[in-house]
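Take a look at the letters that make up each chain.
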Amino acid sequence: MELSGAEIVVQALQDEGVEYVFGYPGGAVLHIYDAIFKSQAFKHVLVRHEQGAVHAADGYSRSTGKPGVALVTSGPGATNAVTGLATAYMDSVPLIVISGQVPTPVIGSDAFQEVDTVGITRPCTKHNFLVKDPRLLAETFKRAFHIATTGRPGPVLIDIPKDVTDPNVTVSYEYPKSIKLRSYNPAQAGHLGQIKKAVELVTKAERPMVYTGGGVIHGEASKELTELVKHMNLPITQTLMGLGSYPGTDKQFLGMLGMHGTYEANMAMHECDVLLAIGVRFDDRVTGKLDQFCPDAAIIHIDIDPSSISKNVRVDVPIVGPVKSVLRDFLRLVKEESWTGNNQLQQLWWQQIETWRSRLCLNYDRNSSKIKPQFAIETLYNITNGELYLTSDVGQHQMFAAQFYKFNEPRRWINSGGLGTMGFGLPSAMGVQLAHPGKPVACISGEASILMCIQELATCKQHDLPIKIVLLNNGYMGMVRQWQEMFYDKRYSHSYVEALPDFVKLAESFGHVGMNLERPQDLEPAMREAFAMKDRLVFMNVIVDPEENVYPMIAMGQGHHNMHLAPERELA
Amino acid sequence: MRHIISLLLENESGALSRVAGLFSARGYNIEALTVAPTDDPTMSRMTLVTAGREEVIEQIKKQLNKLIDVVKLQDLADGPHIERELMLIKVRAEEDNRPELMRLSEIFRARIIDVTETSYVIEVTGTGDKLDAFVAAIPNGLITEVVRSGPSGISRGAKGLTI
């Protein structure tokens, strides 16, 4: 088949089974947009800013496991996409971002809308390509999808100069069926000897603990994880990125760990004697002070990425491999040993955990006349039966949502964990809603975060995306204010968001429904009403207690056992 | 500790900047780096000298291996190996200095490869230590210019770094 470069771009995406492309046209991608105009290969979603395109593709990917695709023009189109790429890279999300580039003969001449896109995106992509010949396009797309979706997933950028998509130059096209790269061979299974060592440690442990992260979700290993944890009656905690891969409502689940983790999860980490870490990267927000991290534990680490192992924390039993197959082997070996459990010790350990749990570290003032942000999330949880696809922006509302919305399934909790990108919530919700038509999708946000990508309300209107935005409006950049209160003697330097818009009018001006909610008793009926509007985007501006803080909290440079609890529950 | 790491890289544009970018982005120390195509024109061979605690070196190797363009990696410090570095050195060589410079060149098995009325260019090959010693042996004030290639390394024995 003879195709132009522009047609190859469209055809390759179709051959990869792409459903949605999130994009924004411009000079360098006009040939591609013309080919899209003539094709029915996929649905194109016009965003209002390239950052929104990449976040939307990201939300699509996180909620489905399939790669997300974005298309942007050269220069500012590409630089606007960088935040989205870095966000996806930090959280290992498979994306294909296609950027236009100025024609090859003028590359390097500071041409109009020229920027060194592969140079700029090199540190925030898993890999990137500059394609200088239309004959190389098909294979490059195959490579890009292969690299993005295998091993530890990540975003891949393909930069295509305008002349390479010239409609008057055609080349023969055949999409490669498979591809093998001599320089890229991710592990296919874990080392059995290492898994045996790990099984021995866990079966003999007196105080075992499981700590899992986003890798279990990317590795589609929720079922295996749940089976193992249930079979061995292990306590489990999860990172912000790992929530949902083990049922959040189960009694063996101790809640999230880390800086804003629960008392019981962090104390169990501190006191455990064997730690089984699965698909995690020992992020500083999780570990706290490194030399006080799990001081008595032998650490087992299962991860597909060898460079995650012993990067921050020394590991005793490293296992490199896909978590799904490693966990299968692990459980098989446990069953072969006809291990029946260490009842007495496990009972003592569980008793200890229940003592920690009985502190009810997430309790808050339920009789407040103001809406507490925790109450707003609990209400959201209750009226949606915990079945939401919930995206989040970054800050206090994100932590409250992670603490109070219990996810029983993976790929339901979509947020920017590693990069902490304010503005992620709304555009990512667009991708989630498109991937799951008819399903309830909500975005939890703050009045500071939401304004960073507010223009996407127009995209939601154009594409009829009935997202429910729950804005926890405290008039502050809440997390910044909290740190200023705790560590800067309440000097609230530039953390008050002045001159806020009237959010109801703002939503209405974009053609959506807006609600102001100020009293606790109004919350539930209003949320029910909002979710009953199945074909409308509803923007709920929830005025919450402006000075509520997120607790528990481990201050920077402290160990897991040094938690601040909410003042009324502070340790004696 | 000093480590000398050999890499086979895809001979793609940008492969060198991926390696260099990795070192700057992660704050790793890089002492020397040489790179050129091999007998297989699709691949380049890089020799990279770095230093750091063992945990850091371990991370450097893992991060390098993670780059898509890195085909193979070997830490030459893991076994017996040979290192050679090329130096070109331009010296002031007037009548009264010439015998001494020629003697030194002979002792260090260096070669004089350019001569003018007032200068020599001398080529020396060897380990970094030998080149340091040669530079130190040149009488004060005679050195005009020094160019060093950075070391290239290869393991001893029959086994090679191939794919």
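Residues numbered from 1 in each chain as written. Chains lettered and ligands numbered in written order. Predicted model: local features only at pLDDT ≥ 70, side-chain atom pairs only at ≥ 80, totals over all residues. Heavy atoms only, no water.

### Side note on the overall build of chain A
Secondary structure assignment for chain A yields 20 helices and 22 strands. For 572 residues, the compact-globule formula gives about 25 Å, and the C-alpha radius of gyration of chain A, at 24 Å, lands near that figure. Taken along the three principal axes of its C-alpha coordinates, chain A extends 75 × 60 × 40 Å. Of all 572 residues assigned to chain A, the portion counted as buried reaches 60%. Pairs at least 24 residues apart make up 76% of the contacts formed inside chain A by residues separated by at least 6 positions. By element, 51% of the accessible surface of chain A is carried by carbon and sulfur atoms, the whole surface being about 22100 Å². Looking at chain A, you have 52 positive and 61 negative side-chain charges, and the mean spots of the two groups are 4 Å apart. (Helix = DSSP H or I, 4+ residues; strand = E, 2+ residues; numbered from the N terminus. Rg over C-alpha atoms; globule rule 2.2 N^0.38 Å. Buried < 20%, exposed > 50% of the residue type's maximum accessible area, 1.4 Å probe, protein only. Contact = heavy atoms within 4.5 Å. Areas by Shrake-Rupley, 256 points an atom, 1.4 Å probe, with all protein chains shown as cover. Lys, Arg positive; Asp, Glu negative; His and termini not counted. Charge placed at Lys NZ, Arg CZ, Asp CG, Glu CD.)

### Let's talk about the sheet that holds strand β1 (residues 2-10) of chain B
Residue and element names in this part refer to chain B. The sheet built from four strands is open, its strands ordered β2-β3-β1-β4 with antiparallel pairing. In this open sheet, the two strands that pair with only one neighbour each are β2 (32-37) and β4 (70-75). For this sheet, the mean angle separating the axes of adjacent strands, direction not counted, is 15°. Those strands touched by helix α1 (residues 15-25) are β1, β2 and β3 (43-51), and its axis lies near 15° from that of β3. Strands in contact with helix α2 (residues 54-66) are β1, β3 and β4; relative to β4, the strand with the most contacts, it is inclined by about 160°. (Pairing = 2+ DSSP bridges. Axes fitted to C-alpha atoms, helices over the stretch in contact; angles between N-to-C directions.)

### With respect to the interface of chain A and chain B
Contacts between chain A and chain B engage 15 residues on the former and 17 residues on the latter. The junction of chain A with chain B conceals about 1400 Å² of combined surface from both sides, 46% of it contributed by carbon and sulfur atoms. The largest share of the area that chain A buries against chain B comes from Arg-122, Arg-182 and Ser-183 of chain A, three residues that together contribute 45% of it. Viewed at the interface, chain B and chain A are joined by three salt bridges. Counting the contacts that link chain A with chain B gives ten residue pairs in polar contact (both at pLDDT 80 or more). Its residues assigned to classes, the side of chain A that touches chain B comprises four nonpolar, five polar and six charged. (Buried area = accessible area lost by both parts, 1.4 Å probe. Salt bridge = Lys/Arg side-chain N within 4 Å of Asp/Glu carboxyl O. Polar contact = N/O pair within 3.5 Å; in protein donor to acceptor, adjacent residues only side chain to side chain. Nonpolar A, V, L, I, M, F, W, Y, C, P; charged D, E, K, R; others polar.)

### Considering the sheet that holds strand β12 (residues 274-278) of chain A
Strands belonging to one sheet form pairs held by backbone hydrogen bonds; the direction of such a pair is parallel or antiparallel. All names here are of chain A. Judged by pairing direction, the sheet is parallel, and its six strands sit side by side in the order β11-β10-β9-β12-β13-β14 without closing on themselves. Each of the sheet's edge strands pairs with one partner strand only, and the pair in question is β11 (253-256) and β14 (317-320). Averaged over all pairs of adjacent strands, the angle between strand axes in this sheet comes to 15°, irrespective of strand direction. Here four bridges tie strand β13 (residues 298-303) to β14, and the two strands are oriented parallel to one another. If you follow Ile-302 over to β14, its bridge partner there is Ile-319.

### Structural notes on the packing of helix α3 (residues 50-64) of chain A against helix α16 (residues 425-435) of chain A
Residue and element names in this part refer to chain A. In the contact formed by α3 and α16, the axes pass within 6 Å of each other and the chain directions differ by 45°. Overall, the two elements α3 and α16 adopt an arrangement that is oblique. The two elements α3 and α16 cross, and the hand of that crossing is right-handed. For the pair α3 and α16, contact is made by Gly-52, His-55, Ala-56, Gly-59, Tyr-60, Ser-63 and Thr-64 and by Pro-427, Ser-428, Met-430, Gly-431, Val-432 and Ala-435, respectively. For the contact of α3 with α16, a count of residues per class yields six nonpolar, seven polar and no charged. (Parallel < 35°, antiparallel > 145°, perpendicular 65-115°, else oblique. Left-handed = near helix turned anticlockwise from the far one by under 90°.)

### Observations regarding unusual backbone geometry
Residue and element names in this part refer to chain A. With omega at -5°, the peptide bond leading from Tyr-551 into Pro-552 counts as cis. On the secondary structure map, Pro-552 appears in the loop between β20 (538-543) and β21 (553-554). With a phi close to 55°, Ser-92 is a non-glycine residue in the positive phi region. Summarising the element assignment, Ser-92 is placed in the loop between α4 (76-90) and β5 (95-101). By relative accessible area, Ser-92 is classed as buried at 8%. In this model, His-494 sits at a positive phi of 55°, which is unusual for a non-glycine residue. Checked against the element boundaries, His-494 lands in the loop between α18 (478-487) and α19 (503-509).

### Remarks on the nonpolar core
All names here are of chain A. Counting 69 residues, the largest nonpolar core has Leu-225, Ile-278, Phe-330, Leu-380, Leu-390, Met-540 and Val-542 as its most contacted members. For this core, the element with the highest residue contribution is helix α12 (residues 323-336), accounting for seven residues. Non-local contacts of Val-542, meaning those with residues more than four positions away in its chain, are made with Ile-371, Val-470, Leu-471, Leu-472, Asn-473, Leu-517 and Leu-523. Counting residues in hydrophobic clusters, the runner-up holds 45 residues, among them Ile-414, Leu-426, Ile-450 and Cys-460. (Core = buried A, V, L, I, M, F, W, Y, C linked by side-chain atoms within 4.5 Å.)

### Focus on a nonpolar patch on the surface
A contiguous nonpolar patch, built from Leu-86, Leu-88, Ile-113 and Val-147 of chain B and spanning about 290 Å² of accessible area, is present on the exposed surface. Judged by relative accessible area, which is 43%, Val-147 of chain B ranks as partly exposed. (Patch = residues over 30% accessible without salt bridge, like charges linked within 9 Å, V, L, I, M, F, W, Y side chains within 5 Å.)

### A short note on the pattern of salt bridges
Residue and element names in this part refer to chain B. Overall, the coordinates contain 39 salt bridges over all chains when judged by the stated rule. As a salt-bridge pair, Arg-148 and Glu-85 come within 3.1 Å of each other at their nearest N and O atoms. Here Arg-148, found in strand β8 (residues 143-148), pairs with Glu-85, found in strand β5 (residues 81-92); they are 63 residues apart in sequence, far enough to count as distant. Notably, a salt bridge pairs Arg-148 with Asp-132, separated by 2.8 Å at the nearest N-O pair. Of the two residues, Arg-148 is situated in strand β8 and Asp-132 in helix α4 (residues 128-137); the sequence distance between them amounts to 16 residues.

### Some points on the confidence of the model for chain B
The predicted model of chain B has a mean per-residue pLDDT of 95, with 100% of residues at 70 or higher. Interface scoring of the predicted complex returns ipTM 0.92; its pTM is 0.96. (pLDDT = per-residue confidence, 0-100.)

### Here we look at helix α7 (residues 192-204) of chain A
Helix length check: α7 of chain A, at 13 residues, gives a terminal C-alpha distance of 18 Å against a target of 18 Å (1.5 Å per residue), a fit within 8%. Buried residues belonging to α7 of chain A abut α9 (222-232), β12, β13, β14 and α12 of chain A. (Expected span 1.5 Å × (residues − 1).)

### Considerations on the packing of aromatic side chains
All names here are of chain A. As enumerated under the stated definition, the model contains 16 aromatic pairs over all chains in all. Their ring planes at 35° and their centres at 4.9 Å tell us that Tyr-405 and Phe-407 sit as a pair that is tilted. Taken as a pair, Tyr-405 and Phe-407 share a single burial class, namely buried. Positioned over the ring face of Tyr-381 is Lys-406, at 5.9 Å from the centre of the ring. (Phe/Tyr/Trp six-rings, centres within 6.5 Å; stacked < 30°, edge-to-face > 60°. Lys NZ or Arg CZ within 6 Å of the ring centre and 35° of its normal.)

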